[in-house]
Amino acid sequence: MSESFPRLHARTRRFTLGVPRGFTISPDGARVLFLRTRSGTDPVTCLWELDTATHVERLVVDPRALDADEENLPPEERARRERSREQAGGVVAYTTDSAATLAAFALSGGLYVTEVAKGATRRLETPGAVIDPRLSPDGRHVAYVTNGSLRVQDLATGDDRALATPESDTVTYGLAEFIAAEEMDRHRGYWWSPAGDALLVERADEAPVQTWYIADPANPDRPAVPQRYPAAGTPNAGTELFVLGLDGSRVAVPFEHEYLTTASWDSHALSIVTMSRDQRTRRLFTVDPATGRSTLVREDTDEAWVEVVTGVPGHLDDGSLVWVADDEGGRRLFVGDRVVTPPTLQVRDVLDIDRDTVLFRASGDPTEIQLWTWDGHSLMPVSTASGVYSGRLAGGVGVLTEQSLEREGVSATVVLPSGMTIPIPSLAERPGLDLRVHLGRSGTRDLSTAVVFPSWHEPGSRRLPVLLDPYGGPHAQRVLASQGMYLTSQWFAEQGFAVVVADGRGTPGRGPAFERAVLNDLATHVLDDQVDALQGVAQQYPDDLDLSKVAIRGWSFGGYLAALAVLRRPDVFHAAIAGAPVTDWRLYDTCYTERYLGDPHAQPEVYDQSSLFADAAKLERPLLLIHGLADDNVVAAHTLRLSSALLSAGRPHTVLPLSGVTHMTPQEVVAENLLLLQVDFLKKSLGL
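Residues numbered from 1 in each chain as written. Predicted model: local features only at pLDDT ≥ 70, side-chain atom pairs only at ≥ 80, totals over all residues. Heavy atoms only, no water.

Novice: Outline the sheet that holds strand S22 (residues 270-275), supporting the account with residue identities and numerical values.
Specialist: In spatial order, the strands read S21-S22-S23-S24; together these 4 strands make up an open sheet with antiparallel pairing. The open sheet has two free edges, formed respectively by strand S21 (259-265) and strand S24 (294-301), since each of these has just one partner strand. Between one strand and the next, the sheet's axes are offset by a mean angle of 20°, whatever the strand orientation. Judged from the 6 bridges that link them, S21 and S22 form a sheet pairing that is antiparallel. Looking at S22, one finds that Leu260 is bridged to Thr274. (Pairing = 2+ DSSP bridges. Helix = DSSP H or I, 4+ residues; strand = E, 2+ residues; numbered from the N terminus. Axes fitted to C-alpha atoms, helices over the stretch in contact; angles between N-to-C directions.)

If you want it as structure tokens, here you go:
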């Protein structure tokens with residue numbers, strides 16, 4: 001390997017460049033569109049097409065040929081990419097008409113439409129920078145958002161007009177508000193009718209939301225950037241829905257709940273899903289687009305919270321509703337009035353509905369995410385080997401993506417109705433690491449755990465210092481049967497550590513009760529489970545782990561957990577690196593925080609129990625705090641306020657501020673050197 005792992009890890013955006021993604025299958029199954037960069041170090045994403053009859057792959061759109069300026073993105077597009085954790089540039093998202101003959105995308109604020117068969121791309125004139133363009137199903141119009149207005153352009157005539165214009169500078173039409181994008185995985189704010197003659201459009205007003213300011217202390221000549229941030233216990237943006245017709249009609253669609261979690265509009269129904277502010281009630285409605293009147297289809301409630309699941313609602317060809325809800329201790333797939341999956345199979349999401357077949361992801365073993373189908377009669381596994389899978393299904397043709405512990409990277413395969421398979425090559429770089437990952441269960445709670453040893457370590461030859469490398473919080477897992485989950489952990493292991501990764505209570509894949517164990521306390525159980533996993537691993541490998549030298553590192557929730565560990569359990573943890581940590585949950589957003597801790601005004605003691613500030617005087621171990629000063633998700637105030645509390649208590653610690661860096665730390669030099677600095681800190685702190 002010509003480059004060091006930290007440099008390659010940074011250049012390849014964590015080895016995601018060159019991986020095919022964003023698949024669209026034409027209704028007849030004849031073609032598959034997808035996104036991929038030209039190499040594993042090229043950050044510019046192109047649009048490609050695969051002919052399933054000839055197996056020939058063709059470049060459809062190369063952004064470099066369009067002379068676009070990726071450095072000049074609209075602020076709204078930068079925010080959208082941050083919310084979706086997009087790490088590349090170029091054509092990072094696109095939509096098609098129902099036949100997949102046209103593709104629309106935004107590039108550097110410009111609006112582009114491509115005739116896929118010809119590979120002919122043209123830029124359309126617009127009155128401003130474009131966000132989230134979406135073609136109508138019939139391919140006659142393209143809608144987009146600019147300057148908060150939702151506009152529609154006729155592709156034949158070029159007629160471009162606003163269907164809705166913001167009434168003030170706090171209002172937008174057609175964009176998902178911050179909470180929807182960050183916490184509910186909804187990245188769109190409008191939906192075309194199947195006939196292409198109307199749209200369901202969200203109107204969001206951020207006027208009620210408090211204004212925070214993201215400053216750049218390294219450049220004092222630049223003004224601070226104002227940001228509307230709905231912290232826990234404060235007002236959210238106001239959201240409304242309207243059906244806007246191309247004929248100029250406007251019909252209000254009223255709903256009572258605080259949150260619009262999703263919407264869909266297919267040939268069977270216009271549907272919306274709403275959720276109460278306390279997140280204990282979720283309702284599915286069908287809407288009459290002519291009158292805006294809603295009919296309740298079903299209501300789900302839970303004493304803790306109801307889970308938002310992507311991909312539903314949907315409908316089979318016969319109109320049967322496809323839905324996911326918690327039932328009998330499991331997260332289960334419903335088709336019509338029938339529950340079709342057992343409670344032991346935890347449904348993750350619904351990927352596609354192809355006529356009478358539902359393609360979805362689910363976990364029996366929490367370390368695996370498998371593909372399944374329901375064909376109206378029976379439940380069938382699509383994937384059987386251990387790993388993490390995803391896919392698409394249309395016209396009887398499937399696309400299957402696979403990650404496993406046996407194979408590097410992500411493989412993508414087209415599966416034809418005949419059973420013939422066509423690989424879509426990945427151009428990703430190889431990490432060049434010799435992975436030594438052992439998956440299993442550990443501790444008294446039988447927690448999913450990965451133990452990563454150096455490639456050069458001989459079992460029982462010596463006891464290694466230990467590094468815990470968790471995320472540990474809701475909505476994310478670290479312990480999965482995929483090499484990609486452990487690349488950084490393996491690199492840390494090569495520096496002389498035994499690395500332990502554990503998924504404790506609160507993490508997904510093991511059932512609703514396991515997830516809901518963190519209700520009203522985001523600290524106690526998640527920390528106890530890391531200690532439990534560590535002790536369990538030490539019993540399994542008594543001659544390989546040195547428990548007198550234990551460190552922990554993490555980012556975001558993992559950063560919170562790392563700081564929590566050295567503050568509350570210095571008897572176990574001897575050093576910590578906390579990257580972008582949440583330190584006081586009152587400073588984090590409404591939807592995420594209130595789901596687990598409730599209203600801070602109603603139960604302040606719950607927030608105090610999960611805060612780090614009261615523990616500042618307990619610090620007796622080395623702690624490195626890292627935070628991007630441009631982070632608009634976990635703002636830098638979290639780290640700065642904890643540092644102030646530590647200083648007031650006379651506790652030495654280290655703070656590394658990253659100027660101009662967001663929550664994702666995409667900059668190559670920053671990402672590379674962060675790994676090197678962390679290793680140096682750990683070795684010095686543990687006396688290695």
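Novice: Outline helix H7 (residues 557-568), supporting the account with residue identities and numerical values.
Specialist: In this model H7 runs 16 Å from its N-terminal to its C-terminal C-alpha over 12 residues, within 8% of the 16 Å that 1.5 Å per residue would give. In terms of burial, H7 is a largely internal element, 11 of the 12 residues being buried. Of the residues making up H7, those classed as buried are Phe557, Gly558, Gly559, Tyr560, Leu561, Ala562, Ala563, Leu564, Ala565, Val566 and Leu567. (Expected span 1.5 Å × (residues − 1). Buried < 20%, exposed > 50% of the residue type's maximum accessible area, 1.4 Å probe, protein only.)

Novice: Please provide a residue-by-residue account of the environment of Pro133, values included.
Specialist: The topology assignment puts Pro133 in strand S10 (residues 131-135). C-alpha of Pro133 to C-alpha of Arg430: the two residues are 297 residues apart in sequence and 34 Å apart in space. Not counting residues up to four positions away in its chain, the partners in contact with Pro133 are Thr95, Ala104, Phe105, Ala106, Leu111, Val142, Ala143, Tyr144 and Tyr190. (Contact = heavy atoms within 4.5 Å.)

Novice: Hey, could you go over the side chain of Thr507 for me, with residue numbers and the actual values?
Specialist: Residue position: Thr507 is located in the loop between strand S40 (498-503) and helix H5 (512-515). Looking at Thr507, the relative accessible area reads 1%, which means it is buried. From its side chain, Thr507 meets the backbone oxygen of Gly504 in a polar contact 2.7 Å long. Leave out the neighbours within four places in its chain, and Thr507 touches Gly472, Gly473, Ala476, Phe514 and Glu515. (Polar contact = N/O pair within 3.5 Å; in protein donor to acceptor, adjacent residues only side chain to side chain.)

Novice: Account for the packing of helix H6 (residues 524-540) against H7, naming residues and giving values.
Specialist: One can describe the packing of H6 onto H7 by two numbers: an axis separation of 10 Å at closest approach and a directional angle of 75°. Here H7 runs roughly perpendicular to H6, going by the angle between their axes. Here Val526, Leu527 and Gln530 of H6 lie close against H7, whose contacting residues are Phe557, Leu561, Leu564, Ala565 and Arg568. Classifying every residue of the contact of H6 with H7 gives 6 nonpolar, 1 polar and 1 charged. (Parallel < 35°, antiparallel > 145°, perpendicular 65-115°, else oblique. Nonpolar A, V, L, I, M, F, W, Y, C, P; charged D, E, K, R; others polar.)

Novice: For the sheet that holds S10, give the residues involved together with the corresponding values.
Specialist: Taken in spatial order, the 4 strands make up an open sheet running S10-S11-S12-S13, and their pairing is antiparallel. Whereas interior strands pair on both sides, the edge strands pair on one side only; in this sheet they are S10 and strand S13 (160-164). Taking each pair of neighbouring strands and ignoring which way they run, the sheet shows an average axis angle of 25°. Strand direction decides the pairing type here: strand S12 (residues 149-154) and S13, joined by 4 bridges, are antiparallel.

Novice: Requested: an account of the pattern of salt bridges, with residues and values cited.
Specialist: Considering all chains together, one arrives at 45 salt bridges under this definition. Its salt-bridge partner being Arg332, residue Glu328 comes within 3.1 Å of it at the nearest N-O pair. Judged by its relative accessible area of 64%, Glu328 falls in the exposed class. Overall, Arg332 belongs to the buried group, its relative accessible area being 7%. Here Arg586 ties to Asp608 by a salt bridge, and the two come within 2.9 Å at their closest N and O atoms. Linking Arg586 in the loop between strand S42 (575-579) and helix H8 (590-597) with Asp608 in helix H9 (residues 604-610), this pair joins segments that are 22 residues apart in sequence. Overall, Asp608 belongs to the partly exposed group, its relative accessible area being 42%. (Salt bridge = Lys/Arg side-chain N within 4 Å of Asp/Glu carboxyl O.)

Novice: Give me the lowdown on the packing of aromatic side chains, citing residues and values where you can.
Specialist: Under the counting rule described, the total for this entry stands at 18 aromatic pairs. Seen in terms of ring centroids, Phe178 and Tyr229 are 5.4 Å apart; in terms of plane orientation they differ by 55°. Their pairing is tilted. Taken as a pair, Phe178 in helix H3 (residues 178-183) and Tyr229 in the loop between strand S18 (225-228) and strand S19 (238-245) lie far apart in primary sequence, 51 residues in all. You can call Tyr229 buried: its relative accessible area is 0%. Over the aromatic face of Phe334 sits the side chain of Arg298, whose NZ or CZ is 5.0 Å from the ring centroid. (Phe/Tyr/Trp six-rings, centres within 6.5 Å; stacked < 30°, edge-to-face > 60°. Lys NZ or Arg CZ within 6 Å of the ring centre and 35° of its normal.)

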